[in-house]
Amino acid sequence: MTNAEARFHYPLRNLVPDYLRAGAGFGLTMVPMPHAIGGSTVVLVIVLGLAGLFGSFGLTTLMRQKSTVCASENGLWIEGLRARAIRWDEVREIDLRYFSTRKDREKGWFQLKVIGPNGTIKVDSNLNDFDGLLHWVVTAITRHDLSVTPIGRENLASMGQTLPYREDHA
């Protein structure tokens, strides 16, 4: 066996739209803040809740930018602000979902979830060379006979990744 390893990251150009959404949302919630402070408690709670939501989205985007996703024959891990790792032989289930931004499913993104005994690693298709990461995952699925959700199987097949038949998730 080799000690090959691949490293993936989120390019800034892929994250700029999320930063803009977070900034615009946070900024717009700050406009009524002076009026909310002296006014109704309900309005203040709503404005603070929205500000927290958009602020949290901005922080999540920053954490993605500062993270590196790594894969090897031993497992999958993330280096960065929220480091975590899952060995392939500990994977409980793998899922690949498609989220559409339009009714015609023309535009959208994929989210890969690798579920282990102590947590989940989630990455989306904004990652550089997402197809390369999927290659590592499909290889691990085949080598370790890993469980894949039915929707995950369908989405992998739609991307040209065929998996061996598995009795429990066929």
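Everything quoted here is computed from the prediction, not taken from an experiment. Counting restarts for each chain, with residues numbered from 1 along the sequence as it is written. The predicted nature of this model means local features are confined to residues of pLDDT at least 70 and side-chain atom pairs, given and counted, to a pLDDT of 80 or more, with totals for whole chains, interfaces and linings taken over all residues. Working from all heavy atoms in the structure, the side-chain values ignore hydrogens and water.

Enquirer: Please provide a residue-by-residue account of the overall build of the protein chain, values included.
Expert: The helix and strand labels rest on DSSP assignments: H or I over at least four residues marks a helix, E over at least two residues marks a strand, and numbering proceeds from the N terminus. Helices and strands together make up the secondary structure of the protein chain, namely 5 helices and 7 strands. For 170 residues, the compact-globule formula gives about 15 Å, and the C-alpha radius of gyration of the protein chain, at 19 Å, lies well above that figure. With the C-alpha coordinates aligned to their principal axes, the bounding extent of the protein chain is approximately 65 × 35 × 30 Å. Each residue gets one of three labels from its accessible area relative to the maximum for its type: buried under 20%, exposed over 50%, partly exposed in between, using a 1.4 Å probe on protein chains only. Looking at the protein chain residue by residue over its 170 residues, the buried ones come to 36%. The Shrake-Rupley method, run with a 1.4 Å probe sphere, supplies the accessible areas, and residue values consider only the shown protein chains as cover. As presented, the protein chain carries roughly 10,200 Å² of accessible surface, and 57% of it is formed by carbon and sulfur atoms. The sign given to each residue is positive for Lys and Arg and negative for Asp and Glu; His and the chain ends receive no count. Charged groups are reduced to one reference atom each: NZ for lysine, CZ for arginine, CG for aspartic acid, CD for glutamic acid. Considering the protein chain, the positive charge centre built from 19 side chains and the negative charge centre built from 17 side chains are found 7 Å apart. In this description the radius of gyration comes from C-alpha coordinates, and the expected globular size is given by 2.2 Å times residues to the power 0.38.

Enquirer: Can you break down a nonpolar patch on the surface residue by residue, with the values?
Expert: Nonpolar side chains collect at one region of the surface, where Val42, Ile46, Leu50 and Leu53 lie side by side and expose about 380 Å² of accessible area between them. Since its relative accessible area comes to 55%, Leu53 is described here as exposed. A residue counts toward a patch only above 30% relative accessible area and without a salt bridge, and it is joined to like-charged neighbours within 9 Å or, for Val, Leu, Ile, Met, Phe, Trp and Tyr, to nonpolar neighbours within 5 Å. Every case where a carboxyl oxygen of Asp or Glu lies within 4 Å of a side-chain nitrogen of Lys or Arg is listed as a salt bridge.

Enquirer: Now, about the packing of helix 1 (residues 12–30) against helix 3 (residues 41–65): what can you tell me, with residues and values included?
Expert: As a packed pair, helix 1 and helix 3 sit with axes 8 Å apart at the nearest point and diverge in direction by 160°. It follows that helix 1 is roughly antiparallel to helix 3 by the angle criterion. Considering how the two elements wind past one another, helix 1 and helix 3 form a crossing that is left-handed. Across the interface between the two elements, Leu12, Leu15, Asp18, Tyr19, Arg21, Ala22, Gly25, Phe26, Thr29 and Met30 of helix 1 pack against Val47, Leu50, Ala51, Phe54, Gly55, Phe57, Gly58, Thr61, Leu62, Arg64 and Gln65 of helix 3. Residues are grouped as follows: Ala, Val, Leu, Ile, Met, Phe, Trp, Tyr, Cys and Pro are nonpolar; Asp, Glu, Lys and Arg are charged; every other residue, Gly included, is polar. Residue classes in the contact of helix 1 with helix 3 are distributed as 12 nonpolar, 6 polar and 3 charged. In this description, a line fitted to the C-alpha atoms serves as the axis of each element, helices being fitted only across the stretch in contact, and the angle between N-to-C directions of two axes falls anywhere from 0 to 180 degrees. Here the word oblique covers every angle except those under 35 degrees (roughly parallel), over 145 (roughly antiparallel) and from 65 to 115 (roughly perpendicular). Crossings are sorted by hand: turned counterclockwise from the far helix by less than a right angle, the near helix makes the crossing left-handed, and turned clockwise it makes it right-handed. We call two residues in contact whenever any of their non-hydrogen atoms come within 4.5 Å of each other.

Enquirer: Let's hear about the sheet that holds strand 5 (residues 93–100): which residues, and what values?
Expert: Note: two strands are recorded as paired if DSSP finds a minimum of 2 bridges between them. Reading across the sheet, the 3 strands line up as 5-6-7 and stay open at both edges, with antiparallel pairing between neighbours. The open sheet terminates on both sides in strands that have one partner only, identified here as strand 5 and strand 7 (119–124). If you compare each strand with its neighbour and ignore which way they point, the axes differ by 20° on average. Pairing analysis gives 8 bridges linking strand 5 to strand 6 (residues 108–116), with the strands arranged antiparallel. Of the residues in strand 6, the one forming a bridge with Leu96 is Leu112. Strands strand 5, strand 6 and strand 7 of the sheet are contacted by helix 4 (residues 130–144), whose axis makes an angle of about 35° with strand 6.

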